[in-house]
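Okay, here's what each chain looks like letter by letter:
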Amino acid sequence: DAGVTQSPTHLIKTRGQHVTLRCSPISGHKSVSWYQQVLGQGPQFIFQYYEKEERGRGNFPDRFSARQFPNYSSELNVNALLLGDSALYLCASSFDGTELSEQFFGPGTRLTVL
Amino acid sequence: AQSVTQLDSQVPVFEEAPVELRCNYSSSVSVYLFWYVQYPNQGLQLLLKYLSGSTLVKGINGFEAEFNKSQTSFHLRKPSVHISDTAEYFCAVSERRTGFQKLVFGTGTRLLVSP
């Protein structure tokens, strides 16, 4: 069975540009969460979506936005990139996103901002 | 708000030796507790979780953890490690009764197993 997939695997952007990261959840999962993992730190929660609605948001600026599509895939958008946005962006899917629903993580997208 | 402290950034150990990875948390509300493992160039994989009941939790790959409420700790242990256990280990908490799972992670502990 296919796990959580993310694209692209790596990308390089320059300051001020915008970027779109994509995530496809495990089949049957209706919730997607996004995390940012800066080198040497643990992942930090950005968003959770369930049934196309935002259910939770972490402490990130409005430059970060996301959406979930009818097929439950998701996009994370980051505008006006800063050097500090360089990180591994992880997507996790779960059946319904509740506290007892196990989250399965994808391999991540490595974003480098120059 | 919650926070998680992993006291050791790196733990070197010889193959077949026991290991303990330490985790302490701080929270003003009840939380669920998790341990995840991250192998190089891979996403996070759930090792085990504490939701309620017995404070000793058994997970995959021979790992176990014990929840200690008075010490707000959730240390991870394995009686005999293998080379393949070399990876980054993350402790995490999630607040109960919010309707959704927001994981708060520690900074991670790198386990280095040598022959």
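Residues numbered from 1 in each chain as written. Chains lettered and ligands numbered in written order. Predicted model: local features only at pLDDT ≥ 70, side-chain atom pairs only at ≥ 80, totals over all residues. Heavy atoms only, no water.

Q: Quick question: what am I supposed to make of the interface of chain A and chain B here?
A: At the interface, 22 residues of chain A touch 24 residues of chain B. Both sides together, the interface formed by chain A and chain B hides about 1700 Å², and carbon and sulfur atoms give 56% of it. Seen at the junction of chain A and chain B, the total is 7 residue pairs in polar contact (both at pLDDT 80 or more). The set of elements that each furnish at least two residues to the side of chain A that touches chain B consists of strand S4 (31–37), strand S5 (44–50), strand S6 (53–57) and strand S9 (87–94) of chain A. Grouping the amino acids of the side of chain A that touches chain B by side-chain chemistry returns 8 nonpolar, 11 polar and 3 charged. (Contact = heavy atoms within 4.5 Å. Buried area = accessible area lost by both parts, 1.4 Å probe. Polar contact = N/O pair within 3.5 Å; in protein donor to acceptor, adjacent residues only side chain to side chain. Helix = DSSP H or I, 4+ residues; strand = E, 2+ residues; numbered from the N terminus. Nonpolar A, V, L, I, M, F, W, Y, C, P; charged D, E, K, R; others polar.)

Q: Got a minute to help me understand the sheet that holds strand S7 (residues 64–68) of chain A in this structure?
A: The pairing of strands in a sheet happens through backbone hydrogen bonds and is either parallel or antiparallel. Residues and elements named next belong to chain A. The strand order across the open sheet built from 4 strands is S1-S3-S8-S7, with neighbouring strands paired in antiparallel fashion. Pairing within the sheet leaves two strands with one partner each, and these edge strands are strand S1 (5–7) and S7. Looking at each pair of strands side by side, their axes are set apart by 15° on average, direction ignored. Judged from the 5 bridges that link them, S7 and strand S8 (residues 74–78) form a sheet pairing that is antiparallel. Within S8, the residue paired with Arg 67 across the bridge is Glu 75. (Pairing = 2+ DSSP bridges. Axes fitted to C-alpha atoms, helices over the stretch in contact; angles between N-to-C directions.)

Q: Looking at this model, I keep getting lost on empty space enclosed by the protein. Mind explaining?
A: In this approach a probe as big as a water molecule rolls over the atoms, and the regions it shows empty are the leftover space. Scanning the model with the defined rule gives 1 cavity of 30 Å³ or more in all. Its boundaries defined by the atoms lining it, the largest cavity holds a volume of some 40 Å³. Forming the walls of the largest cavity are Glu 99, Leu 100, Ser 101, Glu 102 and Gln 103 of chain A together with Phe 34, Tyr 36, Leu 46, Lys 49, Leu 51 and Gln 101 of chain B. Among the elements of the structure, strand S5 (31–38) and strand S6 (44–50) of chain B are those that each provide at least two residues to the lining of the largest cavity. Split by residue class, the lining of the largest cavity holds 5 nonpolar, 3 polar and 3 charged. (1 Å grid on protein atoms, 1.4 Å probe; cavity = no way out; pocket = protein on both sides within 12 Å on 5 of 7 lines; lining within 4 Å. Points joined across faces, edges and corners; volume = space filled by probe spheres on them.)

Q: How should I be thinking about the pairing of S6 of chain B in this particular structure?
A: All names here are of chain B. For S6, a buried count of 5 out of 7 residues is recorded, marking the element as mostly surrounded by other parts of the structure. Of the pairings in the sheet, the one linking S5 to S6 comprises 6 bridges and is antiparallel in character. Directly across from Leu 33, in S6, lies its bridge partner Tyr 50. Linkage of S5 to S6, two consecutive antiparallel strands, is achieved through a turn of 5 residues, within which Asn 41 is found at a positive phi near 60°. (Buried < 20%, exposed > 50% of the residue type's maximum accessible area, 1.4 Å probe, protein only.)

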